[in-house]
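# Residue-level structural notes
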Amino acid sequence: MKKWSMLLTLFCLLFLTINTAQAASNKPIHWGFKKSQNHEPASAGKELDELLAKYGSFYMGDTSKKEIYLTFDNGYENGYTEKVLDVLKERKVPATFFVTGHYLDTEPDLVKRMVDEGHIVGNHSWYHPDLTTQSDSEFKKELESVRLKVEELTDQKGMSYLRPPRGIFSERVMADAKELGYTSVFWSLAFVDWKVNDQKGWRYSYDNIMKQIHPGCILLLHTVSKDNAEALDNAIVELRKQGYTFKSLDDLMLSRMIDHPYLISL
């Protein structure tokens, strides 16, 4: 009897292991979506919507509210982040900056300024790899190295948001990130702005923002872009004229918690 009990236990453990592996597929997914037009929300499709929801991840806020969440990816510095921060400070707009290890090593003063001026510093991994190629220990090190360095440099304690490098992720990446206390954050508005040798002028950035903007938008910009730095002030002013307000990712997380069905039913 004892032998059968042990075999049954082993079978259950094997079954759970297989199911867990299946539930957290490591098949790479390249983030993409149908762009917004005429202020209608962007759409990643039902399958991706459900996958992200399973792990509390998101790429938009409440699409019934004219709110915008401004995010920047900072892999390296190209001389424009200071101007971006100046605009945000003058216009009193919060933002989240997703930084890499290289950025932390080379631009500690800018990272300190981000936190000192009320912005969130998020995790973009240390070496900017395809996270689906990392072992569990490598994955943890990529994220922990960024978190610890930010805590060393600034008054920000803890780190809540992960943006997978290059927009490459998997179910396993989101699951592992969640286990480490992160919410994976994608975006619903972006355009080709990172090619530093192919900048087209501030109007290019401005027009792309205006063309794709929508309620609940999570806007991704790269700070290496001269176009973005020069367009940002005009974009903020015009969007406010259109009735949009700028919120932080912490505001979005709080609203998601308040709107959770478990809390609503209390």
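Residues numbered from 1 in each chain as written. Predicted model: local features only at pLDDT ≥ 70, side-chain atom pairs only at ≥ 80, totals over all residues. Heavy atoms only, no water.

## Focus on the side chain of Asp227
Note on placement: Asp227 falls in helix H9 (residues 226-241). There is no salt bridge for the buried Asp227, and the closest opposite charge comes from Lys226, which lies 6.1 Å off by N-O distance. The residues touching Asp227, leaving out its near neighbours within four places in the chain, are Gln199, Lys200, Gly201, Trp202, Tyr204 and Ser205. (Helix = DSSP H or I, 4+ residues; strand = E, 2+ residues; numbered from the N terminus. Buried < 20%, exposed > 50% of the residue type's maximum accessible area, 1.4 Å probe, protein only. Lys, Arg positive; Asp, Glu negative; His and termini not counted. Salt bridge = Lys/Arg side-chain N within 4 Å of Asp/Glu carboxyl O. Contact = heavy atoms within 4.5 Å.)

## Let's talk about the packing of aromatic side chains
Under the defined criterion, the tally for this structure stands at 10 aromatic pairs. When the centroid spacing of 6.5 Å and the interplanar angle of 70° are considered together, the rings of Trp31 and Trp187 count as edge-to-face. Linking Trp31 in the loop between strand E1 (29-30) and helix H2 (46-54) with Trp187 in the loop between strand E7 (183-184) and helix H8 (202-212), this pair joins segments that are 156 residues apart in sequence. We classify Trp187 as buried; its relative accessible area is 11%. Linked through ring pairs, Trp31, Phe33, Tyr59, Phe169, Phe186 and Trp187 together constitute an aromatic cluster. When the ring centre of Tyr204 is taken as reference, the NZ or CZ atom of Lys200 above it lies at 4.9 Å. (Phe/Tyr/Trp six-rings, centres within 6.5 Å; stacked < 30°, edge-to-face > 60°. Lys NZ or Arg CZ within 6 Å of the ring centre and 35° of its normal.)

## Regarding H8
All of the buried residues in H8 are Ser205, Tyr206, Asn208, Ile209, Met210 and Gln212. Of the surrounding elements, those touching the buried residues of H8 are strand E8 (217-222) and H9.

## Quick look at the confidence of the model for the protein
Residues of the protein with pLDDT of at least 70 account for 88%, and the chain-wide mean is 91. Scored below 50 in pLDDT, residues 1-21 shows zero contacts in the model against residues more than four places distant or in partner chains. (pLDDT = per-residue confidence, 0-100.)

## Quick notes on the pattern of salt bridges
As enumerated under the stated definition, the model contains 15 salt bridges in all. Here Arg113 and Asp86 are joined by a salt bridge, their closest N and O atoms 2.6 Å apart. With Arg113 in helix H5 (residues 108-116) and Asp86 in helix H3 (residues 81-91), this residue pair connects regions lying 27 residues apart in the sequence. Given a relative accessible area of 18%, Arg113 falls into the buried group. Looking at Asp86, the relative accessible area reads 38%, which means it is partly exposed. Taking the shortest distance from any N to any O, the salt bridge between Lys112 and Asp109 comes out at 4.0 Å. Of this pair, Lys112 and Asp109 are both found in helix H5, three residues apart, which corresponds to roughly one turn of the helix. Classification of Lys112 by relative accessible area gives partly exposed; the value is 33%.

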